[in-house]
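Architecture at a glance
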Amino acid sequence: MDRRVRVRFAPSPTGPLHIGGVRTALYNYLFANKHGGDFLIRIEDTDQTRFVPGAEEYIINSLKWLGIEAVEGIGFGDGPHAPYRQSERKPLYKQYVLQLIEAGHAYYAFDTAEELESMRERLKASNVDAKYDAITRGTMKNSLTLSEDEVKRRLESEEAYVVRFKLPRKEEVKFHDEIRGWVSFNTNQMDDKVLFKSDGMPTYHLANVVDDFLMQITHVIRGEEWLPSAPLHVLLYRAFGWENVMPAFAHLPLLLKPEGNGKLSKRDGDRLGFPVFPMNWNDPSSGELSSGYREAGYLPEAVVNLLALLGWNPGTTQELFTLEELVQAFSLDRVSKSGAKFDQNKAKWFNQQYVRKMSDEMLVPYLEKALAENGLDKQFDQAFLLQTCKLVKEKISFTKELWDYSRYFFVAPDTYDEQVVKKRWNDKIPALLSDLVYGIKAIDNYNHQSVEAAYQSALEKNGIAGKDFLQLFRVILTGVAGGPPLFEIAELIGKDNTLQRIEQAKSTLQNQA
Ligand code: GLU
């Protein structure tokens, strides 16, 4: 019988969630929903030395902001497998360690830090790979070399120990990865990993496998950095006798630097000016701020869309997907094996597409906020604000750019694009501007067509070609060289403002010339 699909995102709360981690969560979410299964969040906090306050909350809030919702687990309400935080599951792991020890798959090791160090030194000196494994374990202090009584005595006197996995010697461990195909590791490349410590805490490997088993996980979808751990996990499933319910593995490709060489890091973001985290993060120990997509002005839909396509492709040319469309289109066999280069221009492009999809009504509050921030708290006519948003929408990539592009709808320019002025201003212009003022003043029904007609007749009268003046006229009305259709701007700012701006530019630029 096919099992119900159950996947998990299992972050460790060691700092802010990198966008690579967000992508892992997203792919898990898409996969679960595509198959009508469950997506859960488990917090893997067994390594208390790496615990960072606030990190768990940050991770959950980031996923919520992006709409990557789980059905069970931390942040989304407990389900049948609570608790979902490994530190709170601590009492549960010991029985599984004992099971492995009894079956001969794991053993107690009492070696001190100094003893481990001297083993490493000794092996290094003879040019052998220095690791605790099938060869060296016979020379160390563990329950395989010490007598039963001695082991008992040490355990009873509460001596510190670890439990190590007893790796089979020189065995080929083969497993099928949903993205990479058959993968194989030889146990002689691996070491007897620590599974459990005498303080009662399991390590990542043990807790991860036990919890995936208990939580009935069917697919482990995680980053490529965990691929080297997978053979150990496979061996653990075998050792427990859980092979028939072992999850399928899918190791996702890395997110690479824009140049393609190496993993995308916070430093790349700082260097090239884009965030690598979903939201701002204040490091509690250093106070350092890492910038996030949310605060940089990205819309959550755009971030989801751009991350989905970093490592997965739909097999068509479609680039814009809602979350629901992604669920429908997603499949692991379209996830690529090779790393995905991050492209900051493409990231902006996605945001621009989603800003364009916003209705003019949705943009108005952003504009109102910008007006208030810039001291223009007078009430503007809603129709005027709507029309402004409509005109500048195509020009912006972020809602916070609304103000930069629409400033001149509200205030007359105080500077004029120098290059345009230098290129287009000449001594015929003042007369042209006077005729233009005269023509506009005479308009009864003021709109973009009538302004354009007045403009044309002033040009003709002065023998000046439109191409030589249009850009200067734009700079006169707006101060800047580019923007939405000019006569529509003139219509929107109204007859009085248009006239005032022409007069103002005429006197300012005439004096400068
Ligand atoms: N706790 C691991 C992490 O921080 C989870 C790896 C896995 O999904 O198995 O990424």
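Considering the packing of aromatic side chains
For any pair of aromatic rings, the description rests on two quantities: the centre-to-centre distance and the angle between the ring planes. Tallying each qualifying case throughout the model produces 30 aromatic pairs. Ring geometry for Tyr108 versus Phe110: centroids 6.5 Å apart, planes at 25°, classification stacked. You can call Tyr108 buried: its relative accessible area is 13%. Where Trp349 meets Phe350, the ring centres are 5.1 Å apart and the plane angle is 75°; that geometry is what we call edge-to-face. A relative accessible area of 3% means that Phe350 is categorised as buried. Positioned above the aromatic ring of Tyr132, the side-chain terminus of Arg164 is 3.8 Å from the ring centre. The side chain of Lys174 reaches across the aromatic face of Trp182, ending 5.3 Å from its centre.

Here's the deal with the sheet that holds strand β4 (residues 106-109)
In space, the three strands of this open sheet follow the order β4-β5-β8, with antiparallel pairing throughout. The strands lining the two open edges of the sheet, one partner per strand, are β4 and β8 (194-197). Neighbouring strand axes in the sheet, compared pairwise and without regard to direction, differ in orientation by 25° on average. Bridge analysis of β4 against strand β5 (residues 162-165) gives four bridges, and the strand direction is antiparallel. Within β5, the position partnered with Tyr108 by the bridge is Val163.

Some details on the pattern of salt bridges
Taken as a whole and judged by the stated rule, the model has 33 salt bridges. The closest approach of N and O atoms between Glu72 and Arg6, which form a salt bridge, is 2.7 Å. With Glu72 in strand β3 (residues 72-73) and Arg6 in strand β1 (residues 6-9), this residue pair connects regions lying 66 residues apart in the sequence. Taken as a pair, Glu72 and Arg6 share a single burial class, namely buried. The partner of Arg8 in a salt bridge is Asp212, with the nearest N and O atoms 2.9 Å apart. In this pair, Arg8 is assigned in strand β1 and Asp212 in helix α6 (residues 204-214), connecting sequence segments 204 residues apart. For the pair formed by Arg8 and Asp212, the shared burial category is buried. Salt bridges sharing partners connect three or more residues here, namely Arg8, Arg42, Glu44, Arg89, Asp211 and Asp212.

Points about the site of the ligand
Near the ligand, the surroundings consist of Arg8, Ala10, Ser12, Glu44, Tyr204, Asn208, Arg222 and Trp226. A distance of 2.9 Å separates an oxygen atom of the ligand from a polar side-chain atom of Tyr204. Burial of the ligand by the protein chains amounts to 85% of its free accessible area of 300 Å². Taken together, the residues of the shell around the ligand sort by class into three nonpolar, two polar and three charged.

About the cut-offs
- Residues numbered from 1 in each chain as written.
- Predicted model: local features only at pLDDT ≥ 70, side-chain atom pairs only at ≥ 80, totals over all residues.
- Heavy atoms only, no water.
- Phe/Tyr/Trp six-rings, centres within 6.5 Å; stacked < 30°, edge-to-face > 60°.
- Buried < 20%, exposed > 50% of the residue type's maximum accessible area, 1.4 Å probe, protein only.
- Lys NZ or Arg CZ within 6 Å of the ring centre and 35° of its normal.
- Pairing = 2+ DSSP bridges.
- Helix = DSSP H or I, 4+ residues; strand = E, 2+ residues; numbered from the N terminus.
- Axes fitted to C-alpha atoms, helices over the stretch in contact; angles between N-to-C directions.
- Salt bridge = Lys/Arg side-chain N within 4 Å of Asp/Glu carboxyl O.
- Near = heavy atom within 4 Å.
- Polar contact = N/O pair within 3.5 Å; in protein donor to acceptor, adjacent residues only side chain to side chain.
- Areas by Shrake-Rupley, 256 points an atom, 1.4 Å probe, with all protein chains shown as cover.
- Nonpolar A, V, L, I, M, F, W, Y, C, P; charged D, E, K, R; others polar.

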